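Below are the chains, spelled out letter by letter.
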Amino acid sequence: MRIAVLGDPRMVRGFALAGIKDVFVAQDPPSARETLVKWLHDPAIGIIVIPARFWSGLQGDIRSVEGSRGGYPVILALPDSSGGADYAGEDYLKMAGLE
């Protein structure tokens with residue numbers, strides 16, 4: 001199974017640099033919806049990473065397929081570069097020697 005990531009350019013670029021090929025840049029839930037729905041129904045996708053701030057806007061789409069694929073895909077909602085108390089992106093960039 002593959003990992004897919006959608007989010008802002010910085011989040012997507014980080015995962016793409018790590019070798020993830022299924023990536024999509026989206027600035028808000030409406031711009032992410034079509035790609036997310038496609039990935040939710042793709043049996044090859046096992047994990048979908050989305051920005052935590054997208055969760056409430058995409059929750060209905062995610063719940064609509066819940067359980068239909070035996071627990072897959074797993075949705076991981078992670079902090080992104082929009083900030084917030086949980087955003088650790090700057091630390092990741094420093095550890096990688098990119099900032």
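Keep in mind the model is a prediction, meaning the values are calculated, not measured.

*Asks:* In this structure, what is going on with the pairing of strand β3 (residues 45-51)? I would like to understand it.
*Replies:* Walk down a regular strand and you will see the side chains alternate between the two sheet faces. With six of seven residues buried, β3 is to be regarded as a mostly interior element. Bridging between strand β1 (residues 2-7) and β3 involves four bridges; their strand directions are parallel. Bridge pairing links R2 to I45 in β3. Here β3 runs beside strand β4 (residues 74-78); their pairing, made up of five bridges, is parallel. Bridge assignment links V49 to a residue of β4, and that residue is L76. Following the chain from β3 across helix α3 (residues 55-64) to the adjacent parallel β4, one finds a crossover that is right-handed.

*Asks:* Can you walk me through the environment of E66 in this structure?
*Replies:* Its location among the elements puts E66 in the loop between α3 and β4. Judged by its relative accessible area of 53%, E66 falls in the exposed class. The spatial distance from the C-alpha of E66 to the C-alpha of L40 is 9.2 Å, given a sequence separation of 26 residues.

*Asks:* Would you explain a nonpolar patch on the surface in this entry?
*Replies:* Where nonpolar side chains cluster on the molecular surface, the patch consists of M1, Y72, V74 and L76 and spans about 380 Å² of accessible area. Of note, V74 is situated in strand β4.

*Asks:* Please clarify how the nonpolar core should be interpreted in this entry.
*Replies:* Across soluble globular proteins, nonpolar side chains have a tendency to be buried as a group. Counting residues in each nonpolar core, the largest one holds 14 residues, and the members touching the most others are L6, L36, I48 and F54. Mapped onto this core, the elements with two or more residues apiece are β1, α2 (29-40), β3 and α3. In terms of residues, this core owes the most to one element, α2, which gives four residues. Excluding residues within four positions of it along the chain, F54 makes contact with L6, A26, Q27, D28, P29 and A32.

Thresholds applied
- Residues numbered from 1 in each chain as written.
- Predicted model: local features only at pLDDT ≥ 70, side-chain atom pairs only at ≥ 80, totals over all residues.
- Heavy atoms only, no water.
- Buried < 20%, exposed > 50% of the residue type's maximum accessible area, 1.4 Å probe, protein only.
- Helix = DSSP H or I, 4+ residues; strand = E, 2+ residues; numbered from the N terminus.
- Pairing = 2+ DSSP bridges.
- Right-handed = clockwise from strand over helix to strand, strands pointing away.
- Patch = residues over 30% accessible without salt bridge, like charges linked within 9 Å, V, L, I, M, F, W, Y side chains within 5 Å.
- Areas by Shrake-Rupley, 256 points an atom, 1.4 Å probe, with all protein chains shown as cover.
- Salt bridge = Lys/Arg side-chain N within 4 Å of Asp/Glu carboxyl O.
- Core = buried A, V, L, I, M, F, W, Y, C linked by side-chain atoms within 4.5 Å.
- Contact = heavy atoms within 4.5 Å.

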